[in-house]
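Coordinates in review
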Amino acid sequence: MLRFIVRRLFLLVPILLGVSLLVFVWIHLLPGSPAQALLGERATPQSIAQINHQFGLDKPLYVQYWRYLVETVGHLNLGTSIKTFRPVTFEIENRFPATVELALGAMAFALAVGIPLGFFAAKKYGSFFDHSSLIFSLLGISIPIFFLGLILKYIFAVRLGWLPSIGREDVLATRSHPTNFYILDAILNGDPGALWDTIKHLILPSIALGSIPLAIVTRITRAAVLDVQNEDYVRTARAKGLPPFQVDQRHVLRNALLPISTIIGLQTGLLLSGAVLTETVFAWPGVGSWLKDAIFDRDYPVLQGGIMFLAVVFVVVNLIVDISYAVINPRIRLS
Amino acid sequence: MGLKKLGLLAALAALGIVAAASASTGSKQASNALVFGSSSDPVIIDGPLVSDGESLRVVDQIFQGLVGLKPGTTQIQPLLATSWTASANGLTWTFNLRGGVKFSDGTPFNAAAVCFNFNRWYDFPGPLQNSAVTYYWNTVFGGFAHPAAGSPGPDKSLYKGCKTKGSHLVQLLLNHRSSSFLGALALTNFGIASPTALVKYKADAGTVDANGVFHPTGTFGTQHPIGTGPYMLQSWQVGNKLEIDANPLYWGPKAKLQRIIFRPISDPAAQLQALQSGEIQGFDNVAPQDIATIKANSKLKVLDRPAFNVAYVGINQAIPPMNILKVRQAIAYGLDRATVASKFYAGRAQVATEFLPPSLNGYAGKGVPLYPFDPNKAKQLLQAAGQTLPVPIDFWYPTSVSRPYMPDPQRNAEAFAASLEQSGFKVTFHSAPWRPDYLAQVQSGKAEVYLLGWTGDFGDPADFDNVHFGAFNPQFGFHNTKLFNMLSKADQETNAAKRTKDYQQAEIYIMKFLPMVPYVHTKPALAFQKNVVGYVASPVALESFATVSYSK
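Residues numbered from 1 in each chain as written. Chains lettered and ligands numbered in written order. Predicted model: local features only at pLDDT ≥ 70, side-chain atom pairs only at ≥ 80, totals over all residues. Heavy atoms only, no water.

1. As for the sheet that holds strand E16 (residues 349-351) of chain B
All names here are of chain B. Read from one edge of the open sheet, six strands run E16-E20-E15-E19-E17-E18, paired in mixed fashion. In this open sheet, the two edge strands, each paired with only one partner strand, are E16 and strand E18 (425-433). Neighbour to neighbour, the strand axes of the sheet diverge by 30° on average, direction disregarded. As paired elements, strand E17 (residues 391-399) and strand E19 (residues 449-455) share two bridges and run parallel to each other. (Pairing = 2+ DSSP bridges. Helix = DSSP H or I, 4+ residues; strand = E, 2+ residues; numbered from the N terminus. Axes fitted to C-alpha atoms, helices over the stretch in contact; angles between N-to-C directions.)

2. Remarks on the interface of chain B and chain A
How large an interface is tends to be reported as the accessible area lost when its parts come together. Facing 76 residues of chain B, the contacting portion of chain A comprises 71 residues. Of the roughly 6,000 Å² buried where chain B meets chain A, counting both sides, 59% is carbon and sulfur surface. Linking chain B with chain A are zero salt bridges. There are nine residue pairs in polar contact (both at pLDDT 80 or more) connecting chain B and chain A. When grouped by side-chain class, the residues that make up the side of chain B that touches chain A number 38 nonpolar, 25 polar and 13 charged. (Contact = heavy atoms within 4.5 Å. Buried area = accessible area lost by both parts, 1.4 Å probe. Salt bridge = Lys/Arg side-chain N within 4 Å of Asp/Glu carboxyl O. Polar contact = N/O pair within 3.5 Å; in protein donor to acceptor, adjacent residues only side chain to side chain. Nonpolar A, V, L, I, M, F, W, Y, C, P; charged D, E, K, R; others polar.)

3. With respect to unusual backbone geometry
Residues Pro-320 of chain B and Pro-321 of chain B are joined by a peptide bond in cis, for which omega reads 5°. Along the chain, Pro-321 of chain B falls in the loop between strand E15 (309-315) and helix H9 (325-334). Along the chain, Leu-389 of chain B connects to Pro-390 of chain B via a cis peptide bond; the corresponding omega equals -10°. Along the polypeptide, Pro-390 of chain B turns up in the loop between helix H11 (375-384) and E17. Residue Phe-85 of chain A is not a glycine yet carries a positive backbone phi of 70°. When you line up the elements, Phe-85 of chain A lands in the loop between helix H4 (61-74) and helix H5 (88-123). For Phe-85 of chain A, a relative accessible area of 7% translates into the label buried. Its identity is not glycine, yet Asn-285 of chain B carries a phi of approximately 55°, on the positive side. With respect to the helices and strands, Asn-285 of chain B occurs in the loop between strand E13 (282-283) and helix H8 (288-296). (Buried < 20%, exposed > 50% of the residue type's maximum accessible area, 1.4 Å probe, protein only.)

4. Here we look at the environment of Tyr-182 of chain A
Note that Tyr-182 of chain A resides in helix H8 (residues 182-188). On the accessibility criterion, Tyr-182 of chain A (6% relative accessible area) is buried. In the structure, Tyr-182 of chain A is positioned 56 residues away from Gly-126 of chain A in sequence and 43 Å away in space, judged by C-alpha atoms. With residues near it in sequence (within four places) discarded, Tyr-182 of chain A still touches Glu-101, Arg-168, Glu-169, His-177 and Thr-198 of chain A together with Gln-237 and Asn-240 of chain B.

5. Notes on the domain arrangement of chain B
Residue and element names in this part refer to chain B. Domain assignment breaks chain B into domain 1 (1-42 + 230-305 + 524-552), domain 2 (63-210) and domain 3 (309-522). Computed from C-alpha atoms alone, the centre-to-centre distance between domain 1 and domain 3 is 38 Å. If you look at the interface, domain 1 gives eight residues, while domain 3 gives 10 residues. Each partner contributes to the roughly 640 Å² buried at the junction of domain 1 and domain 3, and carbon and sulfur atoms together form 59% of this total. (Domains from an automatic or database assignment.)

6. A word on empty space enclosed by the protein
Per the counting criterion, the structure on display carries six cavities of 30 Å³ or more. In this model, the second largest cavity occupies a volume close to 50 Å³. Grouping the constituent residues of the lining of the second largest cavity by class yields five nonpolar, four polar and two charged. (1 Å grid on protein atoms, 1.4 Å probe; cavity = no way out; pocket = protein on both sides within 12 Å on 5 of 7 lines; lining within 4 Å. Points joined across faces, edges and corners; volume = space filled by probe spheres on them.)

7. Here's the deal with the sheet that holds strand E10 (residues 231-237) of chain B
Residues and elements named next belong to chain B. Strand order in the open sheet formed by seven strands is E10-E11-E12-E1-E13-E21-E14, with mixed pairing between adjacent strands. Sheet topology places E10 and strand E14 (300-304) at the edges, where each strand pairs with a single neighbour. Sheet analysis places E10 next to strand E11 (residues 241-246), joined by six bridges and oriented antiparallel. Looking across to E11, one finds that Ser-235 is bridged to Glu-243.

8. Remarks on the state of the cysteines
Residues and elements named next belong to chain B. Enumeration over the complete set of coordinates arrives at one disulfide over all chains. Each sulfur of the disulfide joining Cys-115 and Cys-162 lies 2.0 Å from the other. Looking down the S-S bond of the Cys-115 and Cys-162 bridge, the torsion is -75°, so its handedness is left-handed. Of this pair, Cys-115 sits in helix H3 (residues 111-122) while Cys-162 is found in strand E6 (residues 159-164), placing the two residues 47 residues apart along the sequence. Across the pair, exposure class does not vary: Cys-115 and Cys-162 are buried alike. (Disulfide = S-S within 2.5 Å.)

9. Here's the deal with the environment of Ala-274 of chain B
The topology assignment puts Ala-274 of chain B in helix H7 (residues 268-276). Apart from residues no more than four positions distant in its own chain, Ala-274 of chain B is found in contact with Ser-165 and Ile-166 of chain A together with Ile-265, Glu-279 and Ile-280 of chain B.

10. Concerning the pattern of salt bridges
Residues and elements named next belong to chain B. Tallied over the full model, the rule gives 26 salt bridges over all chains. The shortest N-O distance in the salt bridge between Arg-57 and Asp-284 comes to 3.2 Å. Taken together, the residues span a long stretch of sequence, with Arg-57 in helix H2 (residues 53-62) and Asp-284 in the loop between E13 and H8 at a distance of 227 residues. For the pair Arg-57 and Asp-284, a shared accessibility class is recorded, and that class is buried. With its nearest N and O atoms 3.4 Å apart, the salt bridge here joins Asp-502 to Lys-489. A residue pair is termed long-range when its members are at least 10 positions apart, and Asp-502 in helix H16 (residues 496-513) and Lys-489 in helix H15 (residues 481-492) qualify at 13 residues. A relative accessible area of 12% places Asp-502 in the buried class. Overlapping salt bridges, with partners in common, bring together Glu-54, Arg-57, Asp-284, Arg-305 and Glu-543 in one network.

This is the structure we're talking about:
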């Protein structure tokens with residue numbers, strides 16, 4: 001197991017080099033330059049040339065790439081934003097916890113609703129409930145997130161006033177956030193009011209973002225349960241006279257969870273790479289909306305540094321998925 | 001049976017969450033604080049280093065310049081200077097400074113502080129000299145004491161030096177005459193900061209990485225921006241909120257609300273919903289399509305910002321046949337500007353007949369050729385120019401953008417194309433995302449005919465006319481020495497009446513020469529909760545929260 005983990009971590013080196021080259025080429029292929037993005041209507045040929053010179057953008061691409069590698073690898077520096085002067089590491093430190101909380105909230109919602117829904121749909125195979133759950137999950141995956149987000153906010157924030165529509169906590173609150181994981185901070189501070197406030201802010205964005213994994217989890221659970229409940233060992237358990245609840249819990253659901261765990265890992269990896277639309281609609285200060293702005297600003301250091309960081313996250317999450325897969329199913333050996 | 005119980009428990013838990021949530025709604029209005037929805041975080045809270053609206057909105061509350069603007073106008077009025085005079089040659093400006101003013105760190109405001117700030121700006125290190133960082137110093141003062149490669153030096157600088165004459169009299173020395181100088185001083189970019197804080201918190205210290213990017217190591221602009229304004233920074237959590245509190249040492253009437261909180265919300269729909277739900281009490285740049293919704297809500301209101309912008313159809317004379325005046329006149333007659341203004345601006349636009357907005361000195365009003373929509377006249381002009389009808393033109397418009405002067409560029413472009421095609425042109429559309437793609441095309445002179453606009457930075461005609469037509473500009477593609485000289489002379493004229501007349505003549509000339517066809521001046525809108533009172537909208541968005549409060 002340890003050898004497997006070390007080998008996978010070593011694989012990060014070529015992956016990151018490849019990602020850095022791809023990102024570098026991609027952002028330099030985009031039309032426009034940071035100078036034009038920064039100056040907008042106020043750009044003049046002189047000011048554009050001045051900025052290009054300052055940032056070395058008038059140098060050949062290979063020179064720029066080499067300088068970038070030297071700065072990133074040589075000085076272990078992900079760079080500083082051309083627009084805001086803020087270091088990429090500062091933004092990641094601030095924003096990634098928000099993205100993680102939202103991703104986990106979305107997955108928690110998807111699992112809490114999706115697994116029971118898929119399970120009962122399979123148990124009531126062919127029934128009205130089964131068809132309804134299929135339609136429900138289809139709707140989840142086909143409604144655009146920004147639209148679902150706006151609708152949810154309109155109902156629960158604007159009309160009913162039950163839940164907040166923006167941000168991570170009450171704007172009037174004055175709380176310390178040592179870890180930037182607000183839920184964790186609230187627990188560490190022993191502040192139930194803060195905990196509830198944070199959860200309240202998390203509910204609507206989690207539902208909006210969780211609608212996609214919800215649909216996938218529901219359908220995978222349904223299919224897995226349908227498969228497993230016809231297996232010989234389930235029939236044997238029933239024949240032995242085991243109560244239906246125990247059969248379902250110990251034999252059906254547990255075995256059906258294997259494919260679901262794979263989906264959970266992959267989906268969480270995707271969600272961690274930033275939910276641009278959800279973060280924008282709910283003014284959620286995560287990495288997705290930050291990187292979206294960086295694309296429009298042609299903020300090269302932010303794009304390069306931010307995407308490199310997300311590549312590492314994605315690889316590590318996938319590694320964790322592979323390891324958890326082996327833990328859940330001891331028959332699987334990592335090699 | 002067990003699973004049914006489990007389902008029942010889950011349903012009860014969900015109900016419990018909803019019930020608890022309903023018992024405690026989202027954040028609501030506090031009596032001594034106001035939450036304003038901004039579209040982004042500030043870049044940094046240091047006036048000379050920013051030019052974006054959200055940074056300036058905060059800077060405006062914390063810093064003050066020598067002169068200010070009468071609220072809601074572009075009229076210059078005393079602020080940290082109580083009076084001023086210019087020497088006969090216009091090269092020495094003497095300012096009497098207000099007494100008894102302190103920075104929020106308790107240090108005194110005086111002549112030495114003014115000189116310290118001007119010299120700081122003039123001495124900015126190389127990485128801060130590019131126009132993306134110090135746009136307004138570059139635009140108004142034009143040069144630096146120790147220029148980096150590619151930056152303008154002292155020979156290009158309007159600023160020559162600063163002299164103190166006692167503790168409350170200061171002289172600013174210029175290298176040449178400029179009348180826009182005084183108007184520009186009203187920009188809070190030139191607000192005076194505490195010299196003690198600038199040094200203590202290392203305002204200009206920083207490192208430059210291998211990519212040439214400046215990384216400030218001081219904390220002046222992020223944690224300790226110390227000015228003389230009615231508010232001072234309380235805290236800034238990037239991405240979450242920025243709080244300013246009333247400055248207890250403020251020399252003027254104290255701010256009515258103790259705290260203003262700026263909350264970054266980039267999505268306009270999210271801003272509107274946050275206003276409707278009461279999570280914010282106001283936001284800026286309301287989309288025209290949302291104005292009816294806000295007006296229909298008895299708890300909300302719309303506040304108009306006076307028109308101080310222009311949307312125009314640009315014409316690049318470097319691309320034939322746009323170098324022919326009659327062709328440009330045909331375009332002007334072929335644009336149905338009245339229909340566009342009435343159909344696509346929700347009643348918030350007036351047809352522009354010249355480049356300057358009507359509220360600005362130098363707006364001619366009379367004697368300007370008007371070019372009403374006249375397809376036959378346009379065709380005649382094209383034929384008189386020796387063109388074969390239809391004349392093909394490449395018409396550019398931006399996508400993924402809504403500007404205050406151009407909320408829906410595509411519909412504007414489509415309407416203009418229809419009227420131009422009636423007028424003897426054959427239009428081919430080109431579009432690109434606004435920033436930076438579209439602007440790159442237009443500003444590098446690759447677009448033949450295009451939509452663009454401008455919002456004024458300060459109340460001076462030079463900020464419109466000289467910026468666009470005062471020198472060769474690839475997007476317009478012309479070299480017109482007569483126009484360049486007219487605008488240069490107008491800018492240097494220190495007699496206000498003569499200066500206004502010079503600009504009026506320049507306006508008439510511009511509309512005859514037609515480097516572009518202006519089509520609307522619009523009134524941007526702000527939205528507030530109905531009980532918010534005292535906010536005075538300014539044409540240049542120089543707005544104070546100090547007078548804002550809640551009605552009973």
